[in-house]
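# Structural overview
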Amino acid sequence: DAGLRNDVRFLGALVGEVLEEQGGSHLFNIVESARVAAIQRREEEPGAGSTLSRLVSSLDAHDAGELVRAFSIYFQVVNLAEKIHRIRRSRDYLLSGAGPQPGGLEDALRKLAHDGLNWEDLQNLLATLCIEPVFTAHPTEATRRTILEKHLRIAQRLGDRLNPSLVPREDRAIVERIRMEITSLWQTEEHPSSRRTVSNELEHVLFYITDILYQIIPAFYETFEETLAQVYGDGIRDIDMPSVIRFSSWVGGDMDGNPNVSHETIQHTLSQHRTLILQNYRQEVRVLYRQLSQSRSRVAIGDDVMARIGMYQKMLPDGFAALPVRHQNMPYRVLLHLMHGRLDATERDLPGQYESAEPFVDDLNCIVNSLKANKGVHAGLFSVRRLLYRARTFGFHLASLDVRQDALTHRQVIGRLLGEDAWVDMPAEKRADRLLSILRSGVLPTEVEDVDATRTLSVFQSIGVCRQRFGMEAVGPYIMSMTQDVDDVYSVLFLARWAGLVAQDGSVPLDVAPLFETVADLNRAPQIMKKLLSCEVYRAHLKARNNRQIVMIGYSDSNKDCGIVSARWALQKTSADLVQVMTSEGVNLTIFHGRGGTVSRGGGKLERAILSAPRGTVRGRFRVTEQGEIINAKYGLRGIAVHELEQMVGAVMQATALSSKPDERPSAWQPVMETMAQASRQAYRTLVYENPDFFHYFRHATPIDVIERMQIGSRPASRRSQMGIENLRAIPWVFAWTQSRQILPGWYGLGAGLAFAVETHGRNRVAEMVRNDPFLRSLLEDLEMVLAKTDMDIGAYYAELAGERGASVFAHIREEYARAVGLVLKLKDNDQLLDDDPTLQRALRLRNPYVDPMSLLQVDLLRRWRASNREDDDVFAALLATVNGIAEGLQNTG
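Report on the accompanying structure. (Residues numbered from 1 in each chain as written. Predicted model: local features only at pLDDT ≥ 70, side-chain atom pairs only at ≥ 80, totals over all residues. Heavy atoms only, no water.)

A few words now on the overall build of the chain. Scanning the chain from N- to C-terminus turns up 36 helices and eight strands. Structurally, the chain occupies a C-alpha span of about 85 × 80 × 60 Å along its principal axes. Taking the contacts inside the chain whose residues are at least 6 apart along the sequence as the reference set, 82% of them involve residues at least 24 apart. Of the roughly 35600 Å² of accessible surface on the chain, a fraction of 47% belongs to carbon and sulfur atoms. Side chains of the chain carry 105 positive and 113 negative charges; the gap between the two charge centres is 4 Å. (Helix = DSSP H or I, 4+ residues; strand = E, 2+ residues; numbered from the N terminus. Contact = heavy atoms within 4.5 Å. Areas by Shrake-Rupley, 256 points an atom, 1.4 Å probe, with all protein chains shown as cover. Lys, Arg positive; Asp, Glu negative; His and termini not counted. Charge placed at Lys NZ, Arg CZ, Asp CG, Glu CD.)

With that out of the way, let us pick up the pairing of strand β7 (residues 588-594). Within β7, six of the seven residues are buried, leaving the element largely enclosed by the surrounding structure. Relative to β7, strand β6 (residues 548-554) runs parallel, the two being bridged by seven bridges. Each bridged residue has a counterpart across the sheet, and for Q549 the counterpart in β7 is L589. Of the strand pairs in this sheet, β7 and strand β8 (residues 621-627) are connected by two bridges, and their pairing is parallel. Bridge pairing in β8 places H593 opposite V624. (Buried < 20%, exposed > 50% of the residue type's maximum accessible area, 1.4 Å probe, protein only. Pairing = 2+ DSSP bridges.)

Turning to empty space enclosed by the protein, a few remarks are in order. Scanning all chains against the criterion turns up nine cavities of 30 Å³ or more. Taken as a whole, the second largest cavity spans an internal volume of roughly 270 Å³. Around the second largest cavity, the lining is made up of 22 residues, and of these Y555, Q572, R595, A609 and S612 lie nearest the centre. For the lining of the second largest cavity, the elements supplying multiple residues, two or more each, are α22 (564-584), α23 (606-611) and α32 (774-789). (1 Å grid on protein atoms, 1.4 Å probe; cavity = no way out; pocket = protein on both sides within 12 Å on 5 of 7 lines; lining within 4 Å. Points joined across faces, edges and corners; volume = space filled by probe spheres on them.)

A few words now on the pattern of salt bridges. Enumeration over the complete set of coordinates arrives at 55 salt bridges. One salt bridge connects E132 with R623, and the closest N-O pair in it is separated by 3.1 Å. Remark: R623 occurs in strand β8 and E132 occurs in strand β1 (residues 130-136); sequence separation between them is 491 residues. Taken together, the salt bridges that share partners define one network made up of R41, R42, R741, D791 and D852. (Salt bridge = Lys/Arg side-chain N within 4 Å of Asp/Glu carboxyl O.)

Attention now moves to the sheet that holds strand β4 (residues 475-481). In space, the eight strands of this closed barrel follow the order β1-β2-β3-β4-β5-β6-β7-β8, with parallel pairing throughout. Bridge analysis of β1 against β8 gives seven bridges, and the strand direction is parallel. By the bridge assignment, E132 is partnered in β8 with R623. Strands β5 (512-516) and β6 of the sheet are contacted by helix α19 (residues 519-533), whose axis makes an angle of about 150° with β5. Seen against the sheet, α22 touches β6 and β7 and runs at an angle of roughly 170° to β6. (Axes fitted to C-alpha atoms, helices over the stretch in contact; angles between N-to-C directions.)

Further remarks concern the nonpolar core. Residues F224, Y281, F360 and M653 are the most contacted members of the largest nonpolar core, which totals 223 residues. Of the residues forming this core, the biggest block, 17 residues, is contributed by helix α8 (residues 198-232). Apart from residues lying up to four places away in sequence, Y281 is in contact with Y214, L343, F360, L387, R390, A391, F394, G395 and F396. Ranked by size, the runner-up nonpolar core spans 65 residues in total, among them V261, L270, V489 and C535. (Core = buried A, V, L, I, M, F, W, Y, C linked by side-chain atoms within 4.5 Å.)

For D663, the position within the fold is in the loop between α25 (638-658) and α26 (669-690). When its relative accessible area of 38% is taken as the criterion, D663 is described as partly exposed. Separated by 48 residues in sequence, D663 and R615 place their C-alpha atoms 6.6 Å apart.

Moving on to the packing of helix α3 (residues 61-96) against helix α36 (residues 873-890). Relative orientation of the contacting elements α3 and α36 amounts to 20°, with a least axis distance of 8 Å. Between α3 and α36, the angle falls in the class roughly parallel. You can see that α3 and α36 cross each other, and the crossing is left-handed. Residues A61, A64, G65, V68, S72, F75, Q76 and N79 of α3 pack against D874, V875, A878, A881, T882, N884, G885, E888 and G889 of α36. The residue makeup of the contact of α3 with α36, split by class, is seven nonpolar, eight polar and two charged. (Parallel < 35°, antiparallel > 145°, perpendicular 65-115°, else oblique. Left-handed = near helix turned anticlockwise from the far one by under 90°. Nonpolar A, V, L, I, M, F, W, Y, C, P; charged D, E, K, R; others polar.)

Read these as layout, nothing more, since geometry by itself doesn't imply function.
Here is the structure:
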């Protein structure tokens, strides 16, 4: 870690210089005093804690905000240094010749080959792969695109410093560029002055798709092909590599609880997607035009290239006429010029346009084949293939847009359309029978003038319009949040038919994806899907969809419902049962994992989660949400993004290969998990839903009231209009607990669950599972990280904000935390948390002192702001800075 330490010292010194230059010695001295006192407090020097508390409480709102801003900038550059260090470590590992890097693509392929997977089997496996990260908006992710671009430039300059051949003058120039970006960061407002719109969220997500993923997709496939050749032999180097990755998004299509998303945002978003991808293609085609200058007098050209030139010349006569005469004997240039013309016509919806991405891909393949056949392998093939990889991945739609709505909204709209005032309160079975009767008859009710109904029907109409204009892949599945029974699925078919979203064969051309979120709904999910598959109307719909079914499972609300251990076990069991139901009915299932950034919302190491999933749940197809700071952590730098995709693909391939093998986990392990989950759930529910003082504690001992007022998300903090924990969205719920350093959703109930499992089944049995059960091992590794990030001493300051009513609640929390830590250490036979991951252990130990001043300052500011009846805008502005600073310091927050 010497390289990381050097980078952190270098960046820390630069930040200090910027602070002194921009804020003067007064600010610099405040920051240094807080930093030194925080470190001394962690080292348990006498009086350091009270010194730090006095310092932060003495600051006025302006100085408090500046102090937090300073630490926030520091964490921003340290986060970048850690990312660069990941790239450095990966390069050093490869250069060491120590074999494939654990978790990488080569490691996965060698394991598959070792297990007997031959080349033919691997080709069949590759043909099944469809891995789909789905980017979603994140209310607690406040980083503006301007800031992201500055981060990227700093990271690029840090990467430049890895070059050992730099001379001092070149290094000084790089340092000055980094200084400029840090200074610009300091001078740029972090928080938008108004609430973020859907367009802002779209801009944020598109940064990662266009500036990162579009750039690295060719590198990913080139690495994949090279690795295949290394493992299976050079004879397969020239294979026709299938597309195994595609990208999707919810931004602009997620209507669940968000009145700002409508049919208009769907159309605007998809139009933006199309414009951006076509502009990228046109730019790349122009570059190829300059590169591929081969003349017919010097080299042969494929007949197919010449035939396309003749066809496009007639299609775009003006475009051909604009071609310089001196270039007309350069066939690749001629074809690329005409292809550029077709792309331009496509963007502007003019005659001569490409009807879809397939003809564009065919044109590129035509050039590839001609280059291969006519001594062009080293005369442009590399660049053309790079564009081909992109075109096959992004099409003309860039990323598919999923559409999501709350099932309750559908029920309310259908009640109005049918004139049934009691529709929402009617038994689900009765609603299902009525909807099926209408779907079977094909006779839809007469139109009803209703604003909400018109708004809903317009969405389905827009899906049809957008698919016709932007292609079938432009719109992904239609997802129903909070699905509770089959009638919620029938509702989508009913509304689609009413809106006229019907194919020529009479089917609804839409993948209907129920989302099961609470534990009760997850437990019912297999039975609900079984009931759906027994219905001839729905089976006919599935047949038209090639017998493929997407089922989404939610990690967030299930966790908020019953705690981390019980929720994860419910998700594990539901996944296994869904596979059994679908397989028995001959339906190809894709489980869509609704994961967030934090462990409590499904976060953690994705590779480990994939490999610990029940057998058969991953059969080539894997769909997962990516949110907030996790998008930045995984896809913020190109080198890391390539590695993340490699890990995901490698894990999916291994899990798919395992799906045909029997599960060798002992049956005796399941009762242990049942015992653990039951006791954990009881402990969690007792505290969160049955303790009369808990809601008071949550409202006072966390900054939830600040988060609810933050202008950083386009949707409200609560799912529906009611108050209470049940209707609070999972993201602000987790974010508030993380800010208070208690991180309760990420571990509470673990101690009770482990203790009861040990008492019931014995320590040896539980310890055996901790070592050997992939599911429990993965769960505990995730939760151990959360326990290590949790700080009960800092949490105690927040608990004081809840007064006497909160004292007993915090006592329960602190007791359960101590029990969880003690049992994890005992069962793993370790002395300290994260002894098995010294890199992360060291990173947290170094980070915590720099987060502490912001936490103590946040507590003090909360006290002041609430005393002003939450009307002091200067204090509120400083509070916003603490929220952002703590998020930067802790990283996975929401």
